[in-house]
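Topology and contacts: notes
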Amino acid sequence: MTEEVNGKVSNAAADLVRARTQLLQGGLPRNPRLDAESLRHALVDLFELWLTSKGSELGIAADSGLAVVAVGGLGRGEMLPYSDLDLVLLHDDVDPARVAEVADQLWYPLWDAHIKLDHSVRTVPQALRVAADDLIAALGMLEARHIVGDQDLSNLLLGGVRREWRTGIRTRFDELITQAEARWERSGEIAHRAEPDLKNGRGGLRDIQLLDALAIAQLTDAMPGLGPDAPGGGLKQAHRRLLDVRTELHRVAGRSRDQLRAQDADEIGAALRIGDRFDLARTLSDSARTVSYSVDVGLRTAANALPRRGLARLRRMPVRRPLDEGVVEHAGEVVLARDARPQRDPGLVLRVAAASAQTGLPMSATTLNRLSEDAPELREPWPKDALNDLLVLLGAGRGAIDAIEALDRTGLWGRLFPEWGAVRDLPPRDALHTWTVDRHLAETVAYASVMSTRVARPDLLALGALLHDIGKGRAGDHSVVGAELATHIGRRLGLWPSDVRTLSAVVRHHLLLPDTATRRDLSDPDTVQFVVDALTGDAQLLELLHTLAEADSLATGPGVWGDWKASLIGELVRRCRLVMAGDRLPTPEPIAPELIAEAAAGGVHVDLKRGESKYTYTVTVIAPDSAGLLSDAAGVLALHSLRVLSAALGVEGDSAIDTFIVSPKFGDPPDAGLLRQELIRAMAGDLDVSAALAKREREASGIGPSRYARAEPRVIWSGTSLPGQVILELRAEDRVGLLSRLAAALAGCGADVRWAKVVTMGSAVVDSFCLDMGAEDSPVRRETIEKAILAVVPRPVPKKHEGGVSDPSIGF
């Protein structure tokens, strides 16, 4: 009797396999090949039909006390060609012998037909205990779906699992994150893997299920909005594409498989009408990065929404701390201030992103969505404050990568740089490259930020790093195409015409040094002359290309930059410098006649006028010249949250005439009369500028950039045509009140500053001081001054001591 029943069911299971084969090979007569999505729906219908038919045959009815529940792919309605069949046979107050007989007659035919089956037989309380003890089992049961039998019994399980998941999420959330991170560590990122794991990799189908689980716990939306201009169609489209690729992977492999092999990519791309393997890789990168971003948002949102108990419920609401004009930190995220008006403030996008990159805090998804919907596009040319915020963003090291990725996933980066679309998710054609082209550009920016003090123009280095491969993904030589694009972008950003030409040349020749150094004879004078002619003898351009070559190589992948390549390029650059004319020394800015006349009248004068852009102002300080005046004046500006963007400092007779271009950190600048009063107090010793700046920096340390720099500061000494006068050039990263601290350090060394030119580019400064050393100029005196200067500028994180612990007191 048993063999006969098993035989009948086995024949039915064999029919199931034949029907599945027909769907995979031919489909319906009028539709010879089902597309991936239609195939999944057909397979769901096929398996449901078989299970409901067999369930009825075995007496699994509405009043039987038995129910079949599907989990996994069938439970989600996403049945793939060779996915496991995950089933739970539920029973309630049914004779154990009867339950065993039904289970055997349901499972064995499927096994005999070689259908992979994960099965269990449980009561509802048993199933709920398993879900409570096993996180993986709980996640699976959250996707469960009734197939046949007692609907009320299935509802008890489905409702109970979801109810206990919601009530217990607080204690299981950390385990959920730990499990996800372990999976990502094992399987890597889909977007940047040659043979990605579509199911378990970061940005894969498991992450979609994670978002669903958080939504069921009522902690987040399973499909967070990505903005109206989000590339690729958003999370729903990314989910469907991942499923389509995995469906075709099963069909091509003829078995269950999660890892996409390189040899199958062309066939799968053609089947999905995407294109070749490179087109498929680009589609997968877009989808996976969209999912990854959504998971990051979902986990942050869920963490903030977790129910609190005990003392945690009594904690005060998170404080909103200001970061920039219209930008605050709240609950560990960068958000808009309550009075921010995105519709009237096109530069707000870059201020939000710059604050995020510098602090390492993520931008709130709600804020990004609001900016996507409301923020207007920047007019061309960009105002200077918008360009400066872009440079702050690009100079933030690794923080820039996450900020650019968030802007790009929400469509905001494409508004700033429409040219980015051609390189977004573009896969590399060379196996040496680790990243997609757009991520490679962001990686190059991060590496270049560590080298910013090697060049006199860190702003052009950062922009060159961002744009050096922007010509890829288009017809023609990407260096030539990219140079033309860089010209258009440079003009849009509002760069000076000479800087636009330099930026274009950086992009055009970014491969010149590595290609020449590794392929031509460096001892041949013609080789050196070839490079010098290509760069029109521009030593500054040579300096930029030398640094960019290293950043570009490091961002390409392991082993691309090494001692051999570094030595060859270094030798080529050294030989080129011998042929080129040296860099021009900085010269003092001329002083306007009306300021000279005002200085002749004596006294302390402070004037404040609106600058060229919305958020810049010109502050002119005229006062009797003294050793501490510059430190006091710059300190007073910093204490009133006025960031010095540039400064020209000179002396006329007995008066110092200092002109500062400043930008308020928040709101409007203070009245000029107040600045004058504070300056007089500082000059009289009634205001301790140094102590006040230290306090201000301590207050900002919890929400501002790290006290450690990314790039090593650099001091360069140069002679002048005047005896006893030398020029000290400092290249470093900015900090609160840096100019005031530098001036105080110079004054403390007895250095007489005759004039100075100060320039801040994003988060980098290039400050030149002309010092009258007189007869005291000597290597020892220069070393003393240099040590004093370096003691007040940000320094990189110190190397660990022998004990393995870094000294936290060493920062500047």
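Quick caveat: nothing in here was measured; it's all calculated off a predicted structure. (Residues numbered from 1 in each chain as written. Predicted model: local features only at pLDDT ≥ 70, side-chain atom pairs only at ≥ 80, totals over all residues. Heavy atoms only, no water.)

Across its full length, the chain holds 30 helices and 15 strands. The buried share among the 812 residues of the chain stands at 53%. Across the chain, the fraction of contacts at a sequence separation of at least 24, relative to all contacts at a separation of at least 6, is 70%. A total accessible area of about 36300 Å² is found for the chain, and carbon and sulfur atoms account for 50% of it. In the chain, which carries 96 positive and 113 negative side-chain charges, the distance between the mean positions of the two groups comes to 2 Å. (Helix = DSSP H or I, 4+ residues; strand = E, 2+ residues; numbered from the N terminus. Buried < 20%, exposed > 50% of the residue type's maximum accessible area, 1.4 Å probe, protein only. Contact = heavy atoms within 4.5 Å. Areas by Shrake-Rupley, 256 points an atom, 1.4 Å probe, with all protein chains shown as cover. Lys, Arg positive; Asp, Glu negative; His and termini not counted. Charge placed at Lys NZ, Arg CZ, Asp CG, Glu CD.)

What follows covers the sheet that holds strand S9 (residues 617-624). On the basis of which strands lie adjacent, the open sheet formed by 8 strands has the order S8-S9-S11-S10-S14-S15-S13-S12 and antiparallel pairing. With partners counted over all chains shown, the strands left at the sheet margins are strand S8 (605-610) and strand S12 (714-719), one partner each. When the angles between neighbouring strand axes are averaged without regard to direction, this sheet yields 15°. In the packing of helix H26 (residues 629-639) onto the sheet, contacts are made with S9, strand S10 (642-652), strand S11 (655-664) and strand S15 (764-772), and the angle to S11 comes to roughly 20°. (Pairing = 2+ DSSP bridges. Axes fitted to C-alpha atoms, helices over the stretch in contact; angles between N-to-C directions.)

What follows is about the environment of proline 669. Within the element layout of this structure, proline 669 appears in the loop between S11 and helix H27 (672-684). By relative accessible area, which is 17% here, proline 669 ends up buried. Leave out the neighbours within four places in its chain, and proline 669 touches Leu608, Tyr617, Leu642 and Pro664.

The strand order S5-S6-S7 describes an open sheet built from 3 strands, whose pairing is antiparallel. Two strands bound the open sheet, and with one partner strand each, they are strand S5 (321-324) and strand S7 (333-336). In this sheet, neighbouring strand axes are inclined to one another by 40° on average, regardless of whether the strands run parallel or antiparallel. In this structure, strand S6 (residues 327-330) lies alongside S7, joined through 4 bridges in antiparallel fashion.

One pass over the full model with this rule turns up 50 salt bridges. For arginine 261, the salt bridge identified is with aspartate 264, shortest N-O distance 2.9 Å. When its relative accessible area of 6% is taken as the criterion, aspartate 264 is described as buried. Between arginine 409 and aspartate 286 there is a salt bridge; the shortest N-O distance is 3.0 Å. Of this pair, arginine 409 sits in helix H15 (residues 399-409) while aspartate 286 sits in helix H11 (residues 277-305), and the two are 123 residues apart along the sequence. Both residues of the pair, arginine 409 and aspartate 286, belong to the buried class. (Salt bridge = Lys/Arg side-chain N within 4 Å of Asp/Glu carboxyl O.)

The description of two packed helices rests on the angle between their axes and on the distance between the axes. In contact at an axis separation of 9 Å, helix H22 (residues 525-534) and helix H24 (residues 563-579) are set at 70° when each is read in the N-to-C sense. It follows from the interaxial angle that H22 and H24 lie roughly perpendicular. Residues Val528, Gln529, Val531 and Val532 of H22 form the contact with H24, whose own contacting residues are Leu572, Arg575, Cys576 and Val579. Grouping the amino acids of the contact of H22 with H24 by side-chain chemistry returns 6 nonpolar, 1 polar and 1 charged. (Parallel < 35°, antiparallel > 145°, perpendicular 65-115°, else oblique. Nonpolar A, V, L, I, M, F, W, Y, C, P; charged D, E, K, R; others polar.)

What follows concerns the confidence of the model for the chain. Considering every residue of the chain, the mean pLDDT works out to 90; 92% of them sit at 70 or more. pLDDT under 50 marks residues 1-10. Its contacts with residues more than four places away, or in other chains, come to 8 contacts. This model gives residues 800-812 a pLDDT under 50, and the stretch forms 26 contacts once residues within four places in sequence are excluded. (pLDDT = per-residue confidence, 0-100.)

Attention now moves to H15. In terms of burial, H15 is largely enclosed, as 9 of its 11 residues are buried. Within H15 the residues assigned to the buried category are Ala400, Ile401, Ala403, Ile404, Glu405, Ala406, Leu407, Asp408 and Arg409. Contact partners of the buried residues in H15: H11, helix H12 (348-359), helix H13 (365-374), helix H14 (384-394), helix H16 (412-416) and helix H17 (437-450).

Bringing the nonpolar core into the picture now. In a soluble, globular protein the nonpolar side chains are often hidden away together inside. Ranked by internal contacts, the top residues of the largest apolar core, which has 96 residues, are Met363, Trp382, Leu390, Leu393, Trp413, Phe417 and Leu493. If we ignore the near neighbours within four places in the chain, the residues touching tryptophan 382 are Leu350, Leu387, Leu390, Leu416, Phe417, Arg492, Leu493 and Gly494. (Core = buried A, V, L, I, M, F, W, Y, C linked by side-chain atoms within 4.5 Å.)

As a further point, take the state of the cysteines. The tally for this structure, following the rule as stated, stands at 0 disulfides. Here cysteine 770 stays free of any disulfide, with the sulfur of cysteine 749 as its closest cysteine sulfur at 16 Å. Given a relative accessible area of 1%, cysteine 770 falls into the buried group. (Disulfide = S-S within 2.5 Å.)

Now for the pairing of S7. Taking every second residue as pointing to the same face, both faces of S7 are buried, with Glu333 and Val335 on one and Val334 and Leu336 on the other. Where S6 folds back onto S7 in an antiparallel hairpin, the turn is made up of 2 residues, including alanine 331, whose phi is positive at roughly 55°.

Turning our attention to the packing of aromatic side chains. Using the criterion set out here, one finds 4 aromatic pairs in the structure. The interplanar angle of 55° and the centroid separation of 6.0 Å between the aromatic rings of tryptophan 382 and phenylalanine 417 together place this pair among those described as tilted. Here phenylalanine 417 lies in the loop between H16 and H17 and tryptophan 382 lies in the loop between H13 and H14, a separation of 35 residues in the sequence. Summarising the burial analysis for this pair, tryptophan 382 and phenylalanine 417 share the class buried. Seen from their ring centres, tryptophan 413 and phenylalanine 417 are 4.9 Å apart, and the 45° between their planes marks the pair as tilted. Per residue, the accessibility class of tryptophan 413 equals that of phenylalanine 417, and both read buried. In textbook terms, an aromatic cluster arises when at least three aromatic residues are bridged by ring pairs, as seen for Trp382, Trp413, Phe417 and Trp420. The positively charged end of arginine 202 is found above the aromatic ring belonging to tryptophan 184, 4.0 Å away from the centroid. Taking the ring centre of phenylalanine 278 as reference, the NZ or CZ of arginine 429 above it sits at 3.7 Å. (Phe/Tyr/Trp six-rings, centres within 6.5 Å; stacked < 30°, edge-to-face > 60°. Lys NZ or Arg CZ within 6 Å of the ring centre and 35° of its normal.)

Let us now look at H13. Taken together, the buried positions of H13 are Ala365, Thr367, Leu368, Asn369, Leu371 and Ser372. Between the side-chain oxygen of the N-cap and the backbone nitrogen of threonine 366 there are 3.2 Å, and the N-cap of H13 in question is serine 364. (Polar contact = N/O pair within 3.5 Å; in protein donor to acceptor, adjacent residues only side chain to side chain.)

This part covers the packing of helix H7 (residues 151-187) against helix H8 (residues 205-216). Packing of H7 against H8 brings their axes to within 9 Å, and their N-to-C directions diverge by 155°. With respect to H8, the axis of H7 lies roughly antiparallel. Crossing angle aside, the handedness with which H7 passes H8 is left-handed. Within the contact between the two elements, H7 uses Arg162, Trp165, Arg166, Phe173, Leu176, Ala180, Arg183 and Trp184 and H8 uses Arg206, Asp207, Leu210, Ala213, Leu214 and Ile216. Partitioning the contact of H7 with H8 into residue classes produces 9 nonpolar, no polar and 5 charged. (Left-handed = near helix turned anticlockwise from the far one by under 90°.)

Following glutamate 380, the chain continues to proline 381 via a peptide bond in cis, the omega torsion being -5°. Looking at the secondary structure, you find proline 381 in the loop between H13 and H14. The backbone of histidine 114 shows a phi angle near 60°, a positive value even though the residue is not glycine. Take histidine 114: it is sitting in the loop between helix H4 (96-112) and strand S3 (117-122).

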